[in-house]
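Fold and geometry: a report
Read off the chains here:
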Amino acid sequence: PKCRNPIAWYDNLPLISFVLLRARCRKCAVRIPARYFLVEALTALLTVGACVRLGVGWELLAQWPLIAAFVAITFLDIDHYWVPDVITFPAMAYALGASFLPGGIEPLSSVAGLIPAVALFLFAWAFERVTGREGMGLGDVKLLAVIGLSLGAIPSLVVLFLGSLQGAVIGGLVIASGGHQAKESELPAEVQDGKDSEEKWRPPPRAIPFGPFLILGFLEVLFFPDVFGRGLLSLIETWVHP
């Protein structure tokens with residue numbers, strides 16, 4: 001960001017280049033934040049976890065690109081309250097296309113997975129009509145649409161439940177400790193100019209981005225279906241029909 005020099009391929013190898021460059025830019029010697037290394041390490045860890053959980057096959061091919069995309073969305077939403085269309089729209093197409101792969105959830109189930117996203121959109125619309133203020137950006141709706149197309153309707157509802165519950169608890173703690181502030185000024189000008197128009201809204205003070213909690217719910221359902229998927233549904237059924 002300081003010297004604006006393009007990064008050569010050999011200086012852009014995940015994890016390796018950070019170590020070889022000793023966390024400094026080759027051109028201007030400005031220190032590279034450790035966050036770059038940590039994000040790359042997180043992506044690598046989730047990749048290994050996906051391989052262990054899903055095995056090397058069609059299901060991994062269907063889910064891993066979405067996991068990588070969700071890592072980017074998580075940090076963009078935390079920093080800038082921004083879930084980019086340039087990620088979510090291709091991810092929707094990919095998730096729907098992956099439903100045609102062997103062992104996929106089937107195209108009809110994938111399309112049915114949009115139901116929770118539609119419900120979330122209607123809730124956000126009703127909230128705005130009643131209160132006169134926007135409580136949620138459309139980026140969260142699009143993100144849930146990606147999750148629904150990938151997992152199907154019922155797992156997507158579980159993701160929405162988990163995201164809402166964990167968002168309320170963790171978000172409440174963050175607000176109690178002083179709130180969360182976006183870092184809009186840190187985005188390069190060309191990125192700010194290209195941001196999706198519906199995502200240029202200014203959240204209320206101390207607002208908490210919802211996207212990372214939806215993604216956390218997605219990972220919980222994907223990696224631990226017996227606990228957060230089938231297990232949670234069984235628990236709900238027990239409450240409803242004791």
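Quick caveat, the model's predicted, so the values are computed rather than measured. (Residues numbered from 1 in each chain as written. Predicted model: local features only at pLDDT ≥ 70, side-chain atom pairs only at ≥ 80, totals over all residues. Heavy atoms only, no water.)

What follows deals with the packing of aromatic side chains. For the structure on display, the rule yields 3 aromatic pairs. An angle of 80° between the planes, with centres 5.6 Å apart, marks the rings of Trp 9 and Tyr 10 as edge-to-face. The exposure class assigned to Trp 9 is exposed, which follows from its relative accessible area of 65%. Plain terms: the ring middles of Phe 70 and Phe 218 are 5.0 Å apart, the flat faces sit at 85° to each other, and that makes the pair edge-to-face. (Phe/Tyr/Trp six-rings, centres within 6.5 Å; stacked < 30°, edge-to-face > 60°. Buried < 20%, exposed > 50% of the residue type's maximum accessible area, 1.4 Å probe, protein only.)

Let us now look at a nonpolar patch on the surface. Judged by side-chain polarity, Phe 161, Leu 165, Val 169, Ile 170, Leu 173 and Leu 216 come together as a nonpolar surface patch covering roughly 530 Å² of accessible area. A total of 5 residues in the nonpolar patch trace back to one element, the largest contributor, which is helix α8 (residues 153-176). Within the secondary structure, Val 169 sits in helix α8. (Patch = residues over 30% accessible without salt bridge, like charges linked within 9 Å, V, L, I, M, F, W, Y side chains within 5 Å. Areas by Shrake-Rupley, 256 points an atom, 1.4 Å probe, with all protein chains shown as cover. Salt bridge = Lys/Arg side-chain N within 4 Å of Asp/Glu carboxyl O. Helix = DSSP H or I, 4+ residues; strand = E, 2+ residues; numbered from the N terminus.)

What follows deals with the pattern of salt bridges. Counted according to the given criterion, the structure contains 3 salt bridges. The salt bridge partner of Arg 26 is Asp 11, with a shortest N-O separation of 2.7 Å. With Arg 26 in the loop between α1 (16-20) and α2 (34-54) and Asp 11 in the segment before α1, this residue pair connects regions lying 15 residues apart in the sequence. Its relative accessible area of 15% is what places Asp 11 among the buried residues.

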